[in-house]
Amino acid sequence: MSDIRVRFAPSPTGYLHVGGARTAIYNWLFAKATGGKFILRIEDTDRKRYNEEALHDLIRDLRWMGLQWDEGHEAGGDFGPYQQSDRLEIYKKEVFNLVQSGHAYPCFCTEERLESLRAEQKDSQNDFGYDRHCRDLDPVVAQQRIEAGEKFVVRFKTPLDGATVFNDLLRGEITYQNNTLDDLVLLKRDGYPTYHMASIVDDHSMKITHVLRGDEWIASTPKHVLLYAAFGWTPPIFCHLPVILAAGGGKLSKRKGAASVGDFRDLGYLPEALFNYLALLGWSPGDNREEMSLAEMAEAFTLERIGSSAVSFDEKKLLWLNSQHLAKKTPLEIMPYFKSVALQNGLDLQKTSETDLLKILSLVIPRARLTLDIFDIARPFFEAPKAYDDKLVRKIWNPAAAEVLQKLVDVLKSLSSFGVQDLEASFESVAQVLDLKPGSFNQSVRLAVSGAGGGPSLFEMLELLGQQESVTRINQAVDFINGLK
Ligand code: GLU
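No experiment lies behind these values; they were computed from the predicted model shown.

A. Summary view of the pattern of salt bridges. For the structure on display, the rule yields 33 salt bridges. For aspartate 203, the salt bridge identified is with arginine 41, shortest N-O distance 2.8 Å. You can see aspartate 203 sitting in helix H6 (residues 195-205) and its partner arginine 41 sitting in the loop between strand S2 (37-40) and helix H2 (52-64), a full 162 residues away along the chain. Neither aspartate 203 nor arginine 41 differs from the other in exposure class; each is buried. Glutamate 74 is paired through a salt bridge with arginine 63; the nearest N and O atoms lie 3.1 Å apart. Pair noted here: glutamate 74 is in the loop between strand S3 (71-72) and helix H3 (88-100) and arginine 63 is in helix H2, with a separation of 11 residues, a long-range link.

Structural data, given as structure tokens:
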């Protein structure tokens, strides 16, 4: 156990982007590596963008990835509630404290006034933000206006000069001139705090020691540091994670392909492979290991080994990692998934024994790169091909091929046992009789029984299909070839 406490603090406004998932992963790994605590906090103070379904999906996606949190939303803990909309009184009290200590002030400027201010600034190309119109209002007058029921927000009294300096674990010292920072809103008209306010009150009261988040938040950090100072609190350690770019550059977005955890799940990626890939997108274990389990990553993880430059998403590498993780799965582990996909696709597994199903999966798994491939590769074990690979048909099926298949059918029909060795011997004898090279017609048989040129071991496949089904399929292929013009 250590006193390290980190949090993942998503705003449930849409799907869980892989960038967000990687932030969660680094927080989780850091907590595991240091014996600390990983906390899930829901930042739902932007009521216009809040979406109940997104929250539900977020929880499902985090769990699917294996990112179990020690404390937080639904899990509970000593520092709750963990959903910001349940903490409004806490923020109000802290905002009030800042007003009392002279670090914040009520601002009565109407939306219309702010709107015309923005328009003016746009015209003069001078974007200095809020003009601090209410900053020096007499507190007594301000109080009277509040009591009279006037609507207001509370703003932070950002220091007008000097600089704010903070340290980022990956980038070192970062300095912002205070005169470039706005008097940011802390409490909105609807009584909800802004992200900045809620986030630092929570990070402080939940005893967060390290803030690991995407580097799009760097510009917010000086504001947070000023708030910590105003409260007299010690800020946590900041570590802003490098951005993930799409393969061809630019932001990784749905428009450019899969971008959310849900997209990759639907494509047939395994959670542990996606986890592994995202972990390596910006971090390395310091040796040449790539395929790693969650436990191995948790053991090797250090913040020092996170790079500071942008990283590009490489779906080919993710696919490769997925096949590595998939190859490690046992048929028994894959069985429930396979059965459910078979059911969804109307594939009849009833006639196949459980033992044969396991055998089929053991042949199929090593050839699959995505879980969805398992279904496609296994399909011929349960269904005769509805079509043959056109390119291959034109390449290898001609009258001579039909004769070979016919000869083979004759031999296969006469077999009294249909095991791999019997089949091998039959193929050899047909090759001999027809003076062909051994193996020269295997692909033709494969095409006949599965409709495609590749797939699991041919003899094992024939054995599992059984004598009758194999013969029927090869006969059908012979008819098909004879019908070709
Ligand atoms: N709610 C913010 C988000 O959606 C959290 C930023 C932070 O980690 O401070 O990413």
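B. Seen up close, helix H11 (residues 315-327). The end-to-end C-alpha separation of H11 is 18 Å, in line with the 18 Å expected for 13 residues at 1.5 Å each. Among the residues of H11, those classed as buried are Leu318, Leu319, Leu321, Asn322, Ser323, His325 and Leu326. Considering only its buried residues, H11 is in contact with helix H8 (261-267), helix H9 (271-280), helix H12 (331-344) and helix H14 (371-378). Backbone nitrogen of lysine 316 and a side-chain oxygen of the N-cap are separated by 3.1 Å at the start of H11; the cap is aspartate 314.

C. Expanded view of the packing of aromatic side chains. Across all of its chains, the model carries 17 aromatic pairs by this definition. Here phenylalanine 231 and tryptophan 233 contribute two aromatic rings whose centre-to-centre distance is 3.9 Å and whose plane-to-plane angle is 5 degrees, an arrangement assigned as stacked. Like tryptophan 233, phenylalanine 231 is buried. Taken together, the ring pairs in this structure connect Phe264, Tyr269, Tyr277 and Phe313 into an aromatic cluster. A cation over a ring is seen here: arginine 265 above tryptophan 64, with NZ or CZ 5.2 Å from the ring centre.

D. Quick peek at helix H13 (residues 354-364). Of the residues making up H13, those classed as buried are Leu357, Ile360, Leu361, Leu363 and Val364. An end-on view of H13 places all buried positions within 160 degrees of arc, on one side of the element.

E. Quick peek at the sheet that holds strand S8 (residues 185-187). Spatial ordering of the open sheet is given by S4-S5-S8, a layout of three strands whose pairing is antiparallel. Either end of the sheet is taken by a strand with one partner, and the two such strands are strand S4 (104-107) and S8. Averaged over all pairs of adjacent strands, the angle between their axes in this sheet comes to 40 degrees, without regard to strand direction.

F. Representation of the environment of leucine 98. Residue placement: leucine 98 occurs in helix H3. Look at leucine 98 and you get buried, because its relative accessible area is 1%. The residues touching leucine 98, leaving out its near neighbours within four places in the chain, are His103, Ala104, Leu186, Leu227, Ala230 and Phe231.

G. Fine view of the site of the ligand. What surrounds the ligand is the set Arg7, Ala9, Ser11, Glu43, Tyr195, Arg213 and Trp217. In the environment of the ligand, a nitrogen atom lies 2.6 Å from a nitrogen or oxygen atom belonging to the side chain of glutamate 43. Between tyrosine 195 and the ligand, the recorded distance is 2.6 Å, taken from a side-chain N or O atom to an oxygen atom. Protein chains bury 83% of the 300 Å² of accessible surface belonging to the ligand in isolation.

Each value, and the rule that gives it
Counting restarts for each chain: residues are numbered from 1 in the order of the written sequence. Thresholds applied to this predicted model are a pLDDT of at least 70 for local features of residues and 80 or more for the giving and counting of side-chain atom pairs; totals over whole chains, interfaces and linings are not thresholded and use all residues. The basis for every side-chain value is the complete set of non-hydrogen atoms in the structure, without hydrogens or water. One side-chain nitrogen of Lys or Arg within 4 Å of one carboxyl oxygen of Asp or Glu is enough to make a salt bridge. Counting from the N terminus, the helices are DSSP H or I runs at least four residues long and the strands are E runs at least two residues long. For the exposure calls, accessible area comes from a 1.4 Å probe over protein chains only, and a residue counts as buried if that area is under 20% of its type's maximum, exposed if over 50%, partly exposed in between. The length a helix should cover is 1.5 Å for every residue beyond the first. Contacts between residues were defined by any pair of non-hydrogen atoms, one from each residue, lying within 4.5 Å. Each polar contact in these results corresponds to two N or O atoms within 3.5 Å; when the atoms are within protein, one needs to be able to donate a hydrogen and the other to accept it, and residues that are neighboring in sequence are counted only if both atoms are side-chain atoms. Note on aromatic contacts: the rings of Phe and Tyr and the six-membered ring of Trp form a pair at centre separations within 6.5 Å, being stacked when their planes are under 30 degrees apart, edge-to-face when over 60 apart, and tilted otherwise. Put simply, a charge is over a ring when the Lys NZ or the Arg CZ is close to the ring centre, within 6 Å, and near the line of the ring normal, within 35 degrees. Taking the helix axis as origin, the arc is that swept by the directions to the C-beta atoms. By the convention used here, strands pair only if DSSP detects at least 2 bridges between them. Inter-axis angles, ranging from 0 to 180 degrees, are taken between N-to-C directions of lines fitted to C-alpha atoms, where helices are fitted over the stretch in contact. Whether a residue is near a molecule or strand depends on its heavy atoms: if one lies within 4 Å, it is near. Residue-level accessible areas treat just the shown protein chains as cover; the underlying method is Shrake-Rupley with a 1.4 Å probe.

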